[in-house]
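The primary structure of each chain is shown beneath.
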Amino acid sequence: MEHNLPHTISLLSRTPAALDALLRNLPETWTFRNEGENTWSVFEVVGHLIHAERADWVPRAKMILQFSETQTFVPFDRSGHAREIQGKSLAQLLDEFARVRVDNLAELRALNLRPVDLERRGRHPVFGAVSLSQLLATWAAHDLTHLHQISRIMAHQYREAVGPWSVYLGVLQCAGHSSS
């Protein structure tokens, strides 16, 4: 499937509501536990999504449009979510994520991107030349990765409780796919 900007925006616009429906008012045992040492809790994943909204997608899209490959993206701080979550509740994070996502999608729409713009390239600090289309497709896939991660973290809490059924529960067989 090729990247399609309206389809990307359609998916991105749904993530805050999906997270809200799944997570709001859950007991903290679901949202503050992780999968073990050096793994994130659901709470931390939501903080990471907020941090990515502020530091990654739209800022990099604008950088591509303004500078093309003449300037390299600032490396993404994979621990930047720690600042986002400090002193906040999960409800506050869900509200904040919804706000920043709405703002970012409005900003993305305001760019009035044309097919020629989507072909423009920027410079990633690790991957080198990347297109705006690839960046925007990655934004959508990033959301899906973290929705998957959240379901995996939550299922992990019942890893022992399900007993022998664990062999039939793919979410319990998955070891993860990314460090962020």
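Asker: It is not clear to me how the overall build of the protein should be interpreted in this structure. Could you clarify?
Answerer: Along the protein, the regular secondary structure elements total nine helices and two strands. Ordered by position in the sequence, the α and β elements of the protein form the string α-α-α-α-α-α-α-β-β-α-α. Across the 180 residues of the protein, 41% fall into the buried class. Partitioning the contacts of the protein with sequence separation of at least 6, the portion at a separation of at least 24 is 73%. Roughly 10,000 Å² of accessible area belongs to the protein as shown, and the carbon and sulfur atoms make up 55% of that amount. The average position of the 18 basic charges and that of the 19 acidic charges among the side chains of the protein differ by 3 Å.

Asker: I keep staring at unusual backbone geometry and nothing clicks. Help me out?
Answerer: Glycine aside, residues mostly have negative phi, and peptide bonds are mostly found in the trans state. Even without glycine at this site, Asn 38 takes up a positive phi of about 60°. Considering the arrangement of structural elements, one finds Asn 38 in the loop between α2 (28-31) and α3 (42-55). Positive phi, close to 50°, is recorded for Asn 112, a residue that is not glycine. In this structure, Asn 112 sits in the loop between α6 (90-110) and α7 (115-119).

Asker: Where do I start with helix α4 (residues 57-67) in this structure?
Answerer: Think of an α-helix as turning once every 3.6 residues; residues three or four places apart then point the same way. The set of residues buried in α4 consists of Trp 57, Val 58, Arg 60, Ala 61, Met 63, Ile 64 and Leu 65. Its buried side turned inward, α4 meets α3, α6, α7, β1 (121-124), β2 (128-131) and α8 (132-156). Once α4 finishes, Ser 68 follows within two positions and takes phi at roughly 50°, a positive value.

Asker: Mind showing me how you'd approach the layout of surface pockets here?
Answerer: Rolled over the atoms, a probe with the dimensions of a water molecule shows which regions are left empty. The calculated volume of the largest pocket comes to roughly 520 Å³. Lining the largest pocket are 24 residues, with Arg 60, Arg 78, His 124, Phe 127 and Thr 138 positioned closest to its centre. Of all the secondary-structure elements, those providing two or more residues to the lining of the largest pocket are α3, α4, β2 and α8. At seven residues, the largest contribution of residues to the lining of the largest pocket is made by α8. Split into classes, the residues belonging to the lining of the largest pocket amount to eleven nonpolar, ten polar and three charged.

Scoring rules and cut-offs
Residues numbered from 1 in each chain as written. Predicted model: local features only at pLDDT ≥ 70, side-chain atom pairs only at ≥ 80, totals over all residues. Heavy atoms only, no water. Helix = DSSP H or I, 4+ residues; strand = E, 2+ residues; numbered from the N terminus. Buried < 20%, exposed > 50% of the residue type's maximum accessible area, 1.4 Å probe, protein only. Contact = heavy atoms within 4.5 Å. Areas by Shrake-Rupley, 256 points an atom, 1.4 Å probe, with all protein chains shown as cover. Lys, Arg positive; Asp, Glu negative; His and termini not counted. Charge placed at Lys NZ, Arg CZ, Asp CG, Glu CD. 1 Å grid on protein atoms, 1.4 Å probe; cavity = no way out; pocket = protein on both sides within 12 Å on 5 of 7 lines; lining within 4 Å. Points joined across faces, edges and corners; volume = space filled by probe spheres on them. Nonpolar A, V, L, I, M, F, W, Y, C, P; charged D, E, K, R; others polar.

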